[in-house]
Every structure is written in structure tokens, then in C-alpha cells.
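Topology and contacts: notes
One-letter residues, chain by chain:
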Amino acid sequence: MLFNPTAIHGAYIIELETRPDTRGFFARGWCRREFTQMGLPNEIAQMNISFNLRKHTLRGFHYQVAPYQEDKLLRCVQGSVHDVLIDLRPESPTFMQHISYALTALNYRMLLVPKGCANAFLTLTDETEVTYLVSEFYTPEAERGLRWNDPAFQISWPAEPEVISDKDCSWPDFLTEAECPTTTARSE
């Protein structure tokens, strides 16, 4: 696997090292040893699958707070997505900055989202499927989110979302730690 650092510390685009032959190719999609050698997270608690019927479906931004923070390794296995990661670690030099990448079934890229970062994606095709390897179990009381169009981040999406959940549409505006010294849960 090829580990390409991004502008966000701890976030990587991971590309497959393919071994082609007349049948197609073979590649390793995850290896604990290689992740360990790179000093990257190497524990998997669960694998999630997100299947999306329609083009321009938006999921996110999602993350979990301590002690249930999670690393995520995402790969689009069918269709394509515009994936965005936001750094929410106050101690990070890239705090409140974001990056975006195209993840497609044809480019085989994976995005490693480190703990303390939020992630969202917009599908670019119908019937898009994304898989996630996640380092922590889903813990509803630790779940947090950001609204896809929160003005604090000024994210440029390639299209307006057409399908989005009520929950993802209703996260409150982001407050920096200086404005709000404690992380608060979204009221139901």
C-alpha cells in the first residue's frame, strides 16, 4: 500500500499497490503490519457499509468524542463520492481546516480519517457504496456532528445535496473551543 500524507496531520490517502496479471490484479486493502510500521492506527472494531440509492446524497459530518473517538478508513467500492474531512482537534495546527478528495470504485483510493476529525461525503452517482473500517464501536452518547453547510468551514461542494437525513441537516452551528469551553451534545 502507498501511504500519502494529506494537508491534515494524521490523515492519509492510501493507494493500492496492484499486482496485475491476465486475470486483472491482486492488492492488499488493509494490513495491520504496514499500518503499524507507518505509526498509524491498526485496530478495527467494526466495518460499516453505507449504500446510497441516489446521486447527491449527503452523509455527515459525523464524529465521536472521547473516550470513544474513532479512526476511520473509508473506501468507495461502488460509484463515486466527494469526501470531506474537517480537523476538529483544537491543538492541531490545522484546526478547523478541511480537505476533500474524490473516492471512486475505479481509483481504489482510501481515506484515513484520524480521531478528532469529522467526515462527510456527497455521492456523485446513483447506487454508491462506501465501506468504513472503524477503530471504535458506535456509541450513540458520544456521537456528534456538523452541518454540511456550516458557515464556519466554507466548504465548496460539487453539487447541492438532494438527499440528506433530518439529523444531518439539523446539527447546530459549530462553536470553537474559545467560544464554548466544553463540548456539548446536540439536544434531541
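A brief structural summary.

About the cut-offs
- Residues numbered from 1 in each chain as written.
- Predicted model: local features only at pLDDT ≥ 70, side-chain atom pairs only at ≥ 80, totals over all residues.
- Heavy atoms only, no water.
- Phe/Tyr/Trp six-rings, centres within 6.5 Å; stacked < 30°, edge-to-face > 60°.
- Helix = DSSP H or I, 4+ residues; strand = E, 2+ residues; numbered from the N terminus.
- Buried < 20%, exposed > 50% of the residue type's maximum accessible area, 1.4 Å probe, protein only.
- Contact = heavy atoms within 4.5 Å.
- Pairing = 2+ DSSP bridges.
- Axes fitted to C-alpha atoms, helices over the stretch in contact; angles between N-to-C directions.
- 1 Å grid on protein atoms, 1.4 Å probe; cavity = no way out; pocket = protein on both sides within 12 Å on 5 of 7 lines; lining within 4 Å.
- Points joined across faces, edges and corners; volume = space filled by probe spheres on them.

On inspection of all chains with the given rule, the structure shows 6 aromatic pairs. Here the aromatic residues Phe 3, Trp 30 and Phe 35 are joined through ring pairs into a cluster of three or more.

On to the side chain of Glu 70, then. Positionally, Glu 70 belongs in the loop between β6 (57-64) and β7 (72-78). On the basis of relative accessible area, Glu 70 is assigned to the buried category, the value being 12%. Ignoring any residue separated from it by four or fewer positions in sequence, one finds Glu 70 in contact with Tyr 63, Gln 64, Val 113, Pro 114, Lys 115, Val 134, Ser 135 and Glu 136.

Below, the discussion takes up the sheet that holds strand β12 (residues 128-134). On the basis of which strands lie adjacent, the open sheet formed by 6 strands has the order β1-β2-β10-β7-β12-β5 and antiparallel pairing. Both outer strands of the open sheet, β1 (2-5) and β5 (46-52), are each paired with one neighbouring strand and no more. Strand-to-strand twist of the sheet, defined as the mean angle between neighbouring strand axes without regard to direction, takes the value 25°.

Turning our attention to empty space enclosed by the protein. Taken as a whole and assessed by the stated rule, the structure comprises 1 cavity of 30 Å³ or more. Roughly 80 Å³ of volume is contained in the largest cavity. Around the largest cavity sit 13 residues that line it, and Trp 30, Pro 41, Glu 43, Leu 73 and Leu 133 are the ones nearest its centre. Of all elements in the fold, only β7 and β12 reach the threshold of two or more residues within the lining of the largest cavity.

By themselves these figures say nothing about function.
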